[in-house]
Amino acid sequence: MKTMTCQDLGGPCDLALRGETADDVIKAQDRHLKEAVERGDETHAAARRAMQGRWKHPKKSMDWYSSTKKAFAATAED
């Protein structure tokens with residue numbers, strides 16, 4: 001199990017997101033952003049829009065995904 005923060009993934013806070021894989025952490029970030037925005041947390045709205053918009057640009061999204069997977073791989077186990 002590894003931990004990355006919301007901020008590590010481009011968000012505004014230091015909430016710890018844990019997972020066995022980079023995909024687990026990315027999904028946790030997506031849920032976190034969605035829930036924060038639904039609660040009216042505007043500090044997370046820009047990160048949520050960026051995450052949603054990222055997938056409209058395949059090259060950029062793959063660059064982000066690759067760098068996130070590398071950062072996850074370099075993160076120490078909990």
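Keep in mind it's a predicted model, so treat the numbers as computed, not measured. (Residues numbered from 1 in each chain as written. Predicted model: local features only at pLDDT ≥ 70, side-chain atom pairs only at ≥ 80, totals over all residues. Heavy atoms only, no water.)

(A) Here's a closer look at the state of the cysteines. Within the structure shown, the criterion is met by 0 disulfides. Free cysteine: C6, not disulfide-bonded; nearest cysteine sulfur from C13 at 3.7 Å. (Disulfide = S-S within 2.5 Å.)

(B) Broad picture of helix α2 (residues 45-54). Residues A45, A47, R48, M51 and R54 constitute the buried set of α2. Contacts from the buried residues of α2 go to α1 (22-38) and α3 (58-74). (Buried < 20%, exposed > 50% of the residue type's maximum accessible area, 1.4 Å probe, protein only. Helix = DSSP H or I, 4+ residues; strand = E, 2+ residues; numbered from the N terminus. Contact = heavy atoms within 4.5 Å.)

(C) A look at the pattern of salt bridges. With the rule as written, the count across this model stands at 3 salt bridges. Among the salt bridges present, the one from D78 reaches R18, with a minimum N-O distance of 2.9 Å. Here R18 lies in strand β2 (residues 16-19) and D78 lies in the segment after α3, a separation of 60 residues in the sequence. Given the relative accessible area of 55%, D78 is considered exposed. Judged by its relative accessible area of 48%, R18 falls in the partly exposed class. Across the pair D63 and K59 runs a salt bridge whose closest N-O atoms are separated by 3.0 Å. Here K59 and D63 lie together in helix α3, a separation of 4 residues that amounts to about one turn. Exposure remark for K59: the relative accessible area of 61% places this residue in the exposed category. (Salt bridge = Lys/Arg side-chain N within 4 Å of Asp/Glu carboxyl O.)

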